[in-house]
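Listed below, chain by chain, are the residues.
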Amino acid sequence: MVVYQGRVFSVEVDKVVLRNGRETEIAIVRHRRSVVLIPVQDDGRIVMIRQYRHALGRDIWELPAGNVDAGESAEAAAARECEEEIGQVPARVERLGSFYPTPGYCDEEMIFFRISGLRPAAADSPHQPDDDEEIETRAMLIAEAKAMVSSGEIVDLKTAYALALV
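Q: Sorry, what's going on with the overall build of the protein chain here?
A: When you go through the protein chain residue by residue, the secondary structure sums to 3 helices and 12 strands. Taken along its principal axes, the extent of the C-alpha atoms in the protein chain is 60 × 40 × 30 Å. Here the analysis covers contacts within the protein chain between residues at least 6 apart in sequence; of these, 57% occur between residues at least 24 apart. About 9,500 Å² of surface is accessible on the protein chain, with carbon and sulfur atoms providing 51% of the total. On the protein chain, the mean spot of the 19 positive side-chain charges and the mean spot of the 29 negative ones are 6 Å from each other.

Shown next, in the form of structure tokens:
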């Protein structure tokens, strides 16, 4: 039974019978698939974003990411999110793998992509940041981003994992 329906996710509570025969309630966060981008510039630097995350009450550095819309391929979502979040259009979108970050209570699948061949988006592009996003971008060396993970400056798990892929 759906107990909450929001813009980004819903929450269901199901009564299930476990393998041992016990009956219990399990809450599940239902979330669309998402894409995580590793945008690599021609000079080898990656593009990170800084944005406010209300759940944490602060700005954080992370890699661009976003949801896959209904009827959209993950590759198309990756290209769209690249344009929306960093204002760049990719020539190449390379799938690196997909993972479930919190399978104990959430069905979100995160699909990781290396994005390259970046060029500026058209001035009249329909792909802009969402209304609730204020994004700062910064190109940095991969070593610099990894150092930010080690120092605790990057606290976003999807970003820390993605940096291990490059």
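Q: Would you explain helix H1 (residues 74–86) in this entry?
A: Residues separated by three or four positions in an α-helix point in the same direction, a consequence of the helix having 3.6 residues per turn. With 13 residues, H1 extends 18 Å from end C-alpha to end C-alpha; this agrees with the ideal 18 Å at 1.5 Å per step. Phi turns positive one or two residues past the end of H1, at Gly87, with a value near 70°.

Q: Can you help me understand the sheet that holds strand E7 (residues 65–67) in this one?
A: Think of a sheet as strands paired side by side through backbone hydrogen bonds, with each pair either parallel or antiparallel. Read from one edge to the other, the open sheet built from 4 strands follows the order E7-E4-E10-E9, with strand pairing classed as mixed. The open sheet is flanked by E7 and strand E9 (92–99), the only strands paired with a single partner. With direction set aside, neighbouring strand axes in the sheet form an average angle of 25°. Packing of H1 onto the sheet brings it into contact with strand E4 (34–39), E7, E9 and strand E10 (110–116), and relative to E4 it is tilted by some 60°. With respect to the sheet, helix H3 (residues 157–164) is in contact with E4, E7, E9 and E10, its orientation differing from that of E10 by roughly 55°.

Q: Would you mind showing me how to read the pattern of salt bridges here?
A: Working definition: two side chains of opposite charge can pair if their charged atoms are close together. The tally for this structure, following the rule as stated, stands at 15 salt bridges. Between Glu94 and Arg114 there is a salt bridge, with its nearest N and O atoms 2.9 Å apart. Here Glu94, found in strand E9, pairs with Arg114, found in strand E10; they are 20 residues apart in sequence, far enough to count as distant. Owing to a relative accessible area of 25%, Arg114 belongs among the partly exposed residues under this scheme. Salt bridges linked by common partners bring Arg32, Asp69, Glu72, Arg80, Glu81 and Glu84 together as one network.

Q: I keep staring at the pairing of strand E2 (residues 9–17) and nothing clicks. Help me out?
A: A regular strand carries its side chains on alternate faces of the sheet. Strand direction decides the pairing type here: strand E1 (residues 2–5) and E2, joined by 3 bridges, are antiparallel. For Val2, the partnering residue across the bridge sits in E2 and is Glu12. Note that E2 and strand E3 (residues 23–31) share 9 bridges and pair antiparallel. When the sheet's bridge partners are listed, Val17 is paired in E3 with Glu23. Where E2 hands over to E3, the hairpin turn is made up of 5 residues, of which Gly21 adopts a positive phi near 95°.

Q: What is the right way to look at the layout of surface pockets in this model?
A: Summary: where empty space remains is shown by rolling a probe the size of a single water molecule over the atoms. Volume-wise, the largest pocket comes out at about 1,600 Å³. Around the largest pocket sit 42 residues that line it, and Val8, His31, Arg53, Glu108 and Lys158 are the ones nearest its centre. Among the elements of the structure, E3, E4, strand E5 (46–53), strand E6 (58–62), E7, H1, E10 and H3 are those that each provide at least two residues to the lining of the largest pocket. The element contributing the most residues to the lining of the largest pocket is H1, with 4 residues. Residue composition of the lining of the largest pocket, grouped by class: 19 nonpolar, 7 polar and 16 charged.

Q: Can you walk me through the nonpolar core in this structure?
A: Generally speaking, soluble globular proteins have nonpolar side chains that are buried together. Ranked by internal contacts, the top residues of the largest apolar core, which has 16 residues, are Ile46 and Met48. The set of elements that each furnish at least two residues to this core consists of E4, E5, E10, helix H2 (142–151) and H3. Not counting chain neighbours up to four residues away, the residues in contact with Ile46 comprise Ile38, Pro39, Val40, Leu63, Arg138, Ala139, Met140, Ile142, Ala145 and Leu163. In terms of nonpolar packing, the next biggest core, distinct from the first, is built from 14 residues, Val47, Ile49, Ala77 and Phe113 among them.

Definitions and limits used
Residues numbered from 1 in each chain as written. Predicted model: local features only at pLDDT ≥ 70, side-chain atom pairs only at ≥ 80, totals over all residues. Heavy atoms only, no water. Helix = DSSP H or I, 4+ residues; strand = E, 2+ residues; numbered from the N terminus. Contact = heavy atoms within 4.5 Å. Areas by Shrake-Rupley, 256 points an atom, 1.4 Å probe, with all protein chains shown as cover. Lys, Arg positive; Asp, Glu negative; His and termini not counted. Charge placed at Lys NZ, Arg CZ, Asp CG, Glu CD. Expected span 1.5 Å × (residues − 1). Pairing = 2+ DSSP bridges. Axes fitted to C-alpha atoms, helices over the stretch in contact; angles between N-to-C directions. Salt bridge = Lys/Arg side-chain N within 4 Å of Asp/Glu carboxyl O. Buried < 20%, exposed > 50% of the residue type's maximum accessible area, 1.4 Å probe, protein only. 1 Å grid on protein atoms, 1.4 Å probe; cavity = no way out; pocket = protein on both sides within 12 Å on 5 of 7 lines; lining within 4 Å. Points joined across faces, edges and corners; volume = space filled by probe spheres on them. Nonpolar A, V, L, I, M, F, W, Y, C, P; charged D, E, K, R; others polar. Core = buried A, V, L, I, M, F, W, Y, C linked by side-chain atoms within 4.5 Å.

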